[in-house]
Amino acid sequence: MASAATPPWLPEALWIERSEVDSSLAHRIRARAPHVPVEVADELATAEQVASFADGKRRLVVQRHRGTFLHHCPAGTSGLVCCNYLVVNFGANCPFDCSYCFLQEYLSNNPALKVFTNVTDGLAEIDSVLQAHPQRTFRIGTGELVDSLALDHLTDLTLELVPFFAQRTNAILELKTKSDHIDNLLRVDPRGRVVVSWSVNAAVICNEDEPGTADLGSRIAAAIRIQDAGYGVGLHFDPLIAFDGWETGYRGAVERIFEALDPGRVAWVSLGSLRMTPRLKATIRTRRRNGQPLSTRLLTGELVPGTDGKERAWRGLRVRMYRSMLRWLRDVDARIPLYICMEPAGVWEKAVGWVPSDREVADSLVGMH
Amino acid sequence: MSPPLEDMIRRFASERRYAGVTIERWLGLDAPDGAALLTLAEELRLGENQLRELWEWAEDIGDRDGRQLAEVLALEPIVAARRQRVGRNDKLKLVKRALRRLRFPSLSASEDQLANLIRSLALPPNVRVHTPAFLEGDEVRIEITARTANGLRRALASLTDAASSRACDEIFGVLENWT
């Protein structure tokens, strides 16, 4: 029985690549979305034009992935302290429509959500990397281009991923989500190799800037159950947004989360400031949701350009935010592994008090202190 | 927007070869906002990039503070800058500075604090202290210009005095603590 408080997403239209019609994934999705119209095409050209980015989020394409599955996290930009994270993409685009999401720029011409049928190819690729480097412990996440759990009720992807990683000794899988769809996860044993991470924010941001996602309370409720089921739980306070009242908002979120969660079983907490390219800003400025501008609080903060071309809250303000967050989190439990995402050494030094190497950050997160 | 105003905007923008997308966006504004932007653009003879920068900041301020674009451009600091009897380039700098202060209030406050501290070092004109753009960094760059050995010695002596002053510690304290 489904236990999520948030309704599961269903597409309004389904495209299936002709060669994949008999794939188990296509059968599964059709069975679970029996009333959704289906189009089968040799090439998915019919899916190429949509009126808007939001329209693309109502369509689902089932296709074979051509190319590599595993990549270095793009956050590992030169000049920034990096946690050596790998991302694996078993799909692209996300049913949620967060106001600040980089996919609005990165996938601006994308006509639909995509899920890939050849998951076993992706797992084989991961396996070869893990076997080639047995001395290293990898952190691998699925949540870069699509929420890790938002489509799981259609795909059952986690029923393949969790047992796969549960059998590996030198990798940790991170499933990154803003949903509360955890039923599949409760059916499999992670054997300590899987962390389910929730992207969290001040409640007002969750409510107003993250449409379609589970609210903060539902994410916390799901995290409690996941912790009890033997999974590690991660938290990503990212993006931190310098809105009017951010101190109350973020302190409230930290308190609310740790009133419920056991901090001793939190695998890691990351902090990241809102980052925007000029093009993403322009997109956010022009998009409308229900006839209203997407969000003014994202655009009106004191964002200034950095050396990587992205705009962030000016350094003094974001260092103040990081210091505040670190203080509140350390007040909860000083042993929680913490890191800051996509910031230069100078910001680490000012906020944390020291500058770790990339390797030190990565090792601290897989328990190799 | 009335046809005469639309014509005036089109004429001004096409004379300066503005891109079509900018013109259409301008024409899409409410009439008072479009007119206020035209008055500013004519007064400062703005090129497209200059207009877009000022417009974006003014729009952000308006979104943040719940004001129309015309209301932002009529705020006292902007009006005061526009009233100055200086040449076009200097006036543009003043208007830009006034808008920037409204757009980035806490950043501007820190920049002002640093500027005051640097001024208090009383360095000679051939020694300049540069702080990072948008304070996006914690390094201070010192520039010395000298045409004679004595000029260089005087610059270094004044810098030595400045480096041992309390204001110098405060400059780095501001950059260190960002408070």
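Draft legend 1. Broad picture of the overall build of chain B. Each helix and strand in chain B was counted, giving 10 helices and two strands. Helices and strands in chain B line up, N terminus first, as α-α-α-α-α-α-α-α-β-β-α-α. Relative to the 2.2 N^0.38 estimate, which gives 16 Å for 179 residues, the radius of gyration of chain B is 21 Å and therefore markedly larger than a compact globule would have. Overall size of chain B, expressed as C-alpha extent along the three principal axes, is 65 × 35 × 30 Å. Out of the 179 residues belonging to chain B, those deemed buried represent 20%.

Draft legend 2. Looking closely at the interface of chain B and chain A. In this complex, chain B contributes 13 residues to the contact, which on the side of chain A involves 15 residues. Breaking the side of chain B that touches chain A down by element, the ones donating at least two residues are α4 (48-65) and α8 (105-120) of chain B. Its residues assigned to classes, the side of chain B that touches chain A comprises five nonpolar, three polar and five charged.

Draft legend 3. The pairing of strand β12 (residues 232-240) of chain A, seen in detail. Residues and elements named next belong to chain A. Across the nine residues of β12, nine count as buried, placing the element largely inside the fold. When strand β11 (residues 194-200) meets β12, the two strands line up parallel, connected through six bridges. Residue pairing for β12: Val196 is matched across the bridge by Val233. Two elements, β12 and strand β13 (residues 266-273), share six bridges in a ladder whose sense is parallel. Of the residues in β13, the one forming a bridge with Leu240 is Ser273.

Draft legend 4. Molecular detail of the packing of helix α9 (residues 246-260) of chain A against helix α11 (residues 315-332) of chain A. Residues and elements named next belong to chain A. Close contact between α9 and α11 brings their axes to 10 Å; oriented N to C, the two are set at 25°. Between α9 and α11, the crossing angle belongs to the class labelled roughly parallel. The hand of the α9/α11 crossing is right-handed. Contacts from Trp246, Glu247, Tyr250, Arg251, Val254 and Phe258 in α9 reach Met321, Ser324, Met325, Trp328, Leu329 and Val332 in α11.

Draft legend 5. Just the sheet that holds β11(A), in detail. Residue and element names in this part refer to chain A. On the basis of which strands lie adjacent, the open sheet formed by eight strands has the order β4-β6-β9-β10-β11-β12-β13-β18 and mixed pairing. In this open sheet, the two edge strands, each paired with only one partner strand, are β4 (70-72) and β18 (338-340). Between one strand and the next, the sheet's axes are offset by a mean angle of 25°, whatever the strand orientation. Sheet contacts for helix α6 (residues 157-166): β10 (171-177) and β11; angle to β10, the most-contacted strand, approximately 150°.

Draft legend 6. Geometry of the pairing of strand β1 (residues 13-17) of chain A. All names here are of chain A. Direction of pairing for β1 relative to strand β3 (residues 59-63): parallel, over a ladder of four bridges. By the bridge assignment, Ile16 is partnered in β3 with Val62. Pairing between β1 and strand β2 (residues 38-41): four bridges, direction parallel. Across the sheet, residue Glu17 finds its bridge partner in β2, namely Ala41. The β-α-β motif built from β1, the intervening helix α1 (residues 24-32) and the parallel element β2 has right-handed crossover chirality.

Draft legend 7. Structural context of the sheet that holds strand β7 (residues 91-92) of chain A. Residue and element names in this part refer to chain A. Ordered in space as β2-β1-β3-β8-β7, the five strands form an open sheet in which the pairing is mixed. At either margin of the open sheet sits one strand with a lone partner, and together these are β2 and β7. In this fold α1 packs onto β1, β2, β3 and β8 (113-116), with an angle of close to 155° to the strand it touches most, β3.

Draft legend 8. Structural detail: unusual backbone geometry. Between A:Asp238 and the following residue, A:Pro239, the backbone shows a cis peptide bond with an omega angle of 10°. With respect to the element layout, A:Pro239 can be found in strand β12. Phi angles above zero are rare outside glycine, and A:Arg191 is one such case at about 50°. Here A:Arg191 is to be found in the loop between β10 and β11. Exposure remark for A:Arg191: the 14 C-beta atoms within 10 Å place this residue in the partly exposed category. Although it is not a glycine, B:Ala122 adopts a positive phi angle of roughly 55°. Inspection of the secondary structure puts B:Ala122 in the loop between α8 and β1 (127-130). Looking at B:Ala122, the number of C-beta atoms within 10 Å reads 11, which means it is exposed.

Draft legend 9. Spotlight on the packing of helix α8 (residues 216-228) of chain A against α9(A). Residues and elements named next belong to chain A. The geometry of α8 relative to α9 is characterised by a closest axis approach of 9 Å and an angle of 30° between their N-to-C directions. With respect to α9, the element α8 is oriented roughly parallel. When you trace α8 past α9, the crossing you get is right-handed. Only Ala253, Arg256, Ile257 and Ala260 of α9 make contact with α8, whose side of the interface consists of Leu216, Ile220 and Ile224. Among the residues making up the contact of α8 with α9, the classes are represented as six nonpolar, no polar and one charged.

Draft legend 10. Quick peek at helix α4 (residues 119-132) of chain A. Residue and element names in this part refer to chain A. The end-to-end C-alpha separation of α4 is 20 Å, in line with the 20 Å expected for 14 residues at 1.5 Å each. If you check which residues of α4 are buried, you get Val119, Gly122 and Ile126. One side of α4 holds all its buried residues, which, seen down the axis, span an arc of 65°. Exposed and facing more than 90 degrees away from the buried side of α4 are Thr120, Ala124, Ser128, Gln131 and Ala132. Where the residues of α4 are buried, they touch β4, β6 (86-88), β8, β9 (138-141) and α6.

Draft legend 11. Summary view of the confidence of the model for chain B. Per-residue pLDDT for chain B averages 94, and the proportion of residues at 70 or more is 98%. The ipTM value of the predicted complex is 0.84, and its pTM value is 0.90.

Draft legend 12. Region of the structure containing the environment of A:His181. Residue and element names in this part refer to chain A. Positionally, His181 belongs in the loop between β10 and β11. For His181, a count of 25 C-beta atoms within 10 Å puts it in the buried group. Separated by 67 residues in sequence, His181 and Thr248 place their C-alpha atoms 29 Å apart. Here His181 is in contact with Ala4, Pro8, Leu149, Ala150, Asp152 and His153, once residues within four sequence places are set aside.

Thresholds applied
Residues numbered from 1 in each chain as written. Chains lettered and ligands numbered in written order. Predicted model: local features only at pLDDT ≥ 70, side-chain atom pairs only at ≥ 80, totals over all residues. Helix = DSSP H or I, 4+ residues; strand = E, 2+ residues; numbered from the N terminus. Rg over C-alpha atoms; globule rule 2.2 N^0.38 Å. Buried ≥ 20, exposed ≤ 12 C-beta atoms within 10 Å, placed from the backbone. Contact = placed C-beta atoms within 7 Å. Nonpolar A, V, L, I, M, F, W, Y, C, P; charged D, E, K, R; others polar. Pairing = 2+ DSSP bridges. Axes fitted to C-alpha atoms, helices over the stretch in contact; angles between N-to-C directions. Parallel < 35°, antiparallel > 145°, perpendicular 65-115°, else oblique. Left-handed = near helix turned anticlockwise from the far one by under 90°. Right-handed = clockwise from strand over helix to strand, strands pointing away. Expected span 1.5 Å × (residues − 1). Arc of directions from axis to C-beta. pLDDT = per-residue confidence, 0-100.

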